[in-house]
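Close look at the chain arrangement
For reference, the chains in residue letters:
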Amino acid sequence: MTRAIPLEAVLVVAAALFCIGLFGALSRRNLIGVLMGIELMLNSANINLVAFWRYLEPRFITGPTFAIFVITVAAAEAAVGLAMIIAIYRSWNTVNADSVDSLKG
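Residues numbered from 1 in each chain as written. Predicted model: local features only at pLDDT ≥ 70, side-chain atom pairs only at ≥ 80, totals over all residues. Heavy atoms only, no water.

Okay, the packing of aromatic side chains next. All chains considered together, the criterion is met by zero aromatic pairs. When the ring centre of Tyr-55 is taken as reference, the NZ or CZ atom of Arg-54 above it lies at 5.8 Å. (Phe/Tyr/Trp six-rings, centres within 6.5 Å; stacked < 30°, edge-to-face > 60°. Lys NZ or Arg CZ within 6 Å of the ring centre and 35° of its normal.)

Here we come to the UniProt feature "transmembrane region" (unreviewed entry) in the chain. What UniProt calls "transmembrane region" (unreviewed entry) maps, in this numbering, to residues 7-26, 32-53 and 65-89. Between the end C-alpha atoms of residues 32-53 the distance is 32 Å, and the span holds 100% helix and 0% strand. Each end of residues 65-89 is marked by a C-alpha atom, and these two atoms are 36 Å apart; helix forms 100% of the span and strand 0%. (UniProt positions renumbered as here; feature names shortened; annotations may be inferred. Helix = DSSP H or I, 4+ residues; strand = E, 2+ residues; numbered from the N terminus.)

Turning our attention to the pattern of salt bridges. Summed over the entire model, instances satisfying the criterion amount to two salt bridges. We note a salt bridge from Asp-98 to Arg-29, for which the minimum N-O separation is 3.0 Å. A residue pair is termed long-range when its members are at least 10 positions apart, and Asp-98 in the segment after α3 (62-92) and Arg-29 in the loop between α1 (7-27) and α2 (31-56) qualify at 69 residues. Residue Asp-98 is classed as partly exposed on the basis of its relative accessible area of 47%. (Salt bridge = Lys/Arg side-chain N within 4 Å of Asp/Glu carboxyl O. Buried < 20%, exposed > 50% of the residue type's maximum accessible area, 1.4 Å probe, protein only.)

Structurally, the position occupied by Glu-8 is in helix α1. Along the sequence, Glu-8 and Tyr-89 sit 81 residues apart, while their C-alpha atoms lie 43 Å from each other.

The next subject is the packing of α2 against α3. One way to put it is that α2 packs onto α3 with a least axis distance of 9 Å and a crossing angle of 175°. Between α2 and α3, the interaxial angle falls into the category roughly antiparallel. (Axes fitted to C-alpha atoms, helices over the stretch in contact; angles between N-to-C directions. Parallel < 35°, antiparallel > 145°, perpendicular 65-115°, else oblique.)

In this structure, Asn-93 is a non-glycine residue whose phi angle is positive, near 60°. Among the structural elements, Asn-93 can be located in the segment after α3.

This paragraph deals with the side chain of Ser-44. Topologically, Ser-44 is positioned in helix α2. According to the relative accessible area criterion, Ser-44 is buried, its value standing at 1%. Contact partners of Ser-44, with chain neighbours within four places excluded, come to Ala-14, Leu-17 and Phe-18. (Contact = heavy atoms within 4.5 Å.)

Here you go:
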């Protein structure tokens, strides 16, 4: 006999993860910390997609399909974001978001 975790518990975990990511993205001055906060928010969206798929309509595979798309977009966002952070570091010698205040390097 398997016992499922209630949907409300999964949604609370996803909401807490989203709030932690939002706080991390808004409070950090380090660009890498901001990027990590955004990744946490995307992961909480994936948890919601899979949870609603599991509890509402498990016959179709729409939830995991959308989660895979979000993971793909997150990987592309991380690659582009890290490339931009490396370019900013080479130009400004810092990854502090407050120090980069103009488009000229």
